[in-house]
Amino acid sequence: MPVPATGDARGAGPVAAGSPPVDLPMSYVLPLRWHRDAGLSELTDHLRWLAGRVEVLVVDGSPPDLFARHAEAWRGLVRHLPPDPARRGLNGKVVGVLTGVRAARHEHVVIADDDVRYDEAGLRAVHRLLERADLVRPQNYFDPLPWHAWWDTGRTLLNRALGGDYPGTLAVRRSTFLDMGGYDPDVLFENLELIRAVRAYGGVEATPAWLYVRRLPPDAAHFRGQRVRQAYDDLAQPARLVTALAVLPALATAVATRRRRPLLVMATAVVALAEVGRRRAGGTTVFAPSTSLAAPLWLLERGVCSWLAVGQRLLFGGVRYGDTRIRRAARPRTPAIVRSRRRRKPPGPTRA
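Residues numbered from 1 in each chain as written. Predicted model: local features only at pLDDT ≥ 70, side-chain atom pairs only at ≥ 80, totals over all residues. Heavy atoms only, no water.

So, the confidence of the model for the chain
Regions with low pLDDT should not have their predicted coordinates read in detail.
Working step 1: Averaged over every residue, the pLDDT of the chain is 90; the share at 70 or more is 88%.
Working step 2: Contacts from residues 1-18, a stretch scored under 50 in pLDDT, to residues over four places away or in other chains number 38 contacts.
Working step 3: Predicted confidence is poor over residues 340-352, with pLDDT under 50, and the contacts of this stretch with residues over four places away or in other chains come to 20 contacts. (pLDDT = per-residue confidence, 0-100. Contact = heavy atoms within 4.5 Å.)

Here it is as structure tokens:
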């Protein structure tokens, strides 16, 4: 699969081949909680690459033996921190982010999962976008593309066609993040929660559909284990939930009445919508042509898993997340109290 060019006039700027790395005034926060170290060597290589360009903070909630192993592997390379014990929350990732952003030394902060792989152009683009925005939502794509990543790309393309995807990385202005008090650590869909918190605070959001950041796919077992949990996220987005819940009844009605044409029309429409997302903002450079065909399959899966997610909410009070259950996917779109945003002096130009 082709990868994005290492430069873009819309934010990153050209990066000459063989040019020395740029030292950006940015912090990179990686919340981590591992139970096995199968990817330690690859992640360490990526952290070494990042550390030559930005400040890197790994907030590590792994068990003590793995934490010690990570400390040894990353000594002198990154700032390796435990989650702040004074912070409590059901979602350990959010606790890690709250710890890392507060400890960061720079105003521009990238927050990324352990499977996200920025390149230099991506870092530079985010840095420049944060000069005029409080939050930046890049676009992830999977590379390599095993069958389950191909399947999940159908979701990505539909999200792109309908406005914007929810990536495994966001970037924020540290001052805005701290002024608004961070975000709720007791919700499941933490990226949506952070986006909504910034919006409610009056912050400026940038959603550059052209800013592609590579993401490593999970293994197939991890992918299967996430299906119902990811469907539970839609409890925070009622319109999406209702659409997903309608899939199975519509399919059952078509089968019972032996009307195949509506099914074919619906599947074709879903593929066409996904293709709109694939072609948006030069997406054909990172999304293979066949990925649009995954969209109807993903939508059928989401229809099944949405019923299971609703069942978990009704029967168990929430969905399983690690060692606990989380009831709330995210807070409502309009919080009861919205604090007015303080005016700040526009930032000056950077030299990155």
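Describing unusual backbone geometry
Working step 1: Cis peptide bonds are those with omega within 30 degrees of zero, and the linkage from D143 to P144 qualifies with 10 degrees.
Working step 2: Tracing the sequence through the fold places P144 in the loop between β7 (139-142) and α5 (147-161).
Working step 3: The phi dihedral of R258 is positive, around 55 degrees, even though this residue is not glycine.
Working step 4: Although it is not a glycine, A281 adopts a positive phi angle of roughly 50 degrees.
Working step 5: Inspection of the secondary structure assignment puts A281 in the loop between α11 (260-279) and α12 (294-316).
Working step 6: Taking the relative accessible area as the measure of exposure, A281 reaches 30% and is therefore partly exposed. (Helix = DSSP H or I, 4+ residues; strand = E, 2+ residues; numbered from the N terminus. Buried < 20%, exposed > 50% of the residue type's maximum accessible area, 1.4 Å probe, protein only.)

Description of the nonpolar core
Working step 1: The biggest cluster of nonpolar side chains holds 34 residues, and the ones touching the most others in it are F177, Y183 and L194.
Working step 2: For this core, the secondary structure elements donating two or more residues are α3 (92-103), β4 (108-112), β8 (169-173), α7 (190-201), α9 (227-232) and α12.
Working step 3: When near neighbours in sequence (up to four residues on either side) are disregarded, Y183 contacts V94, V97, L98, F177, E190, E193, L194 and A197.
Working step 4: Of all hydrophobic cores here, the second largest spans 32 residues; its members include L40, L50, V136 and V213. (Core = buried A, V, L, I, M, F, W, Y, C linked by side-chain atoms within 4.5 Å.)

Quick notes on the environment of L50
Working step 1: Residue position: L50 is located in helix α1 (residues 40-51).
Working step 2: In this structure L50 comes out as buried when scored by relative accessible area, which is 0%.
Working step 3: For the pair formed by L50 and V78, sequence separation is 28 residues and the distance between their alpha carbons is 9.2 Å.
Working step 4: Setting aside residues no more than four positions away along its own chain, L50 makes contact with Y28, V56 and L123.

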